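Each chain is listed here by its residues.
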Amino acid sequence: MYHRIRDLREDKDITQAEMGKILLCSQRVYSNYERGDIDIPTAVLVRLADFYDVSVDYLLERTDNPKTAR
């Protein structure tokens, strides 16, 4: 389960359907990403990280530091 993408989405008051539109996928696919039912493609992870201005490592819970290395 990708807790951080759900938490970040909820913090911005964005629905799964809205997030699907942003990522050019359906609400169902996005929901599957959040639940961890399917792996998130690298390109989508990068779009999510850019959208939330956090690192991919933060999204994947490899670090607790949300800052990007830019």
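First things first, this report covers the structure right here in the doc.

Thresholds, definitions, all that
Residues numbered from 1 in each chain as written. Predicted model: local features only at pLDDT ≥ 70, side-chain atom pairs only at ≥ 80, totals over all residues. Heavy atoms only, no water. Axes fitted to C-alpha atoms, helices over the stretch in contact; angles between N-to-C directions. Helix = DSSP H or I, 4+ residues; strand = E, 2+ residues; numbered from the N terminus. Parallel < 35°, antiparallel > 145°, perpendicular 65-115°, else oblique. Contact = heavy atoms within 4.5 Å. Nonpolar A, V, L, I, M, F, W, Y, C, P; charged D, E, K, R; others polar. Salt bridge = Lys/Arg side-chain N within 4 Å of Asp/Glu carboxyl O. Buried < 20%, exposed > 50% of the residue type's maximum accessible area, 1.4 Å probe, protein only. Arc of directions from axis to C-beta.

## A closer look at the packing of helix α2 (residues 16-23) against helix α3 (residues 27-35)
Turning to step 1, where the next piece is worked out: It is the contact of α2 with α3, at a shortest axis distance of 8 Å, that shows an interaxial angle of 100 degrees. Viewed along their axes, α2 and α3 adopt a mutual orientation that is roughly perpendicular. Each of Q16, A17, M19, G20 and L23 in α2 lies in contact with α3, whose residues at this interface are Q27, Y30, S31 and E34.
Turning to step 2, where the next piece is worked out: For the contact of α2 with α3, the class distribution of residues is 4 nonpolar, 4 polar and 1 charged.

## A short note on the pattern of salt bridges
Proximity of charged atoms lets side chains of opposite charge pair with each other.
Turning to step 1, where the next piece is worked out: Under the criterion given, the structure shown has 6 salt bridges.
Turning to step 2, where the next piece is worked out: Linking R9 and E10 is a salt bridge whose minimum nitrogen-to-oxygen distance equals 4.0 Å.
Turning to step 3, where the next piece is worked out: Exposure remark for R9: the relative accessible area of 8% places this residue in the buried category.
Turning to step 4, where the next piece is worked out: Its relative accessible area of 41% is what places E10 among the partly exposed residues.
Turning to step 5, where the next piece is worked out: A network of salt bridges, in which partner residues are shared, links R9, E10 and E34.

## Description of helix α1 (residues 3-11)
Turning to step 1, where the next piece is worked out: Residues of α1 that are buried include every one of R4, I5, L8 and R9, and no others. The buried residues of α1 occupy one face: seen down the axis, they fall within an arc of 135 degrees.
Turning to step 2, where the next piece is worked out: Next to the buried residues of α1 lie α2, α3, α4 (42-52) and α5 (56-59).

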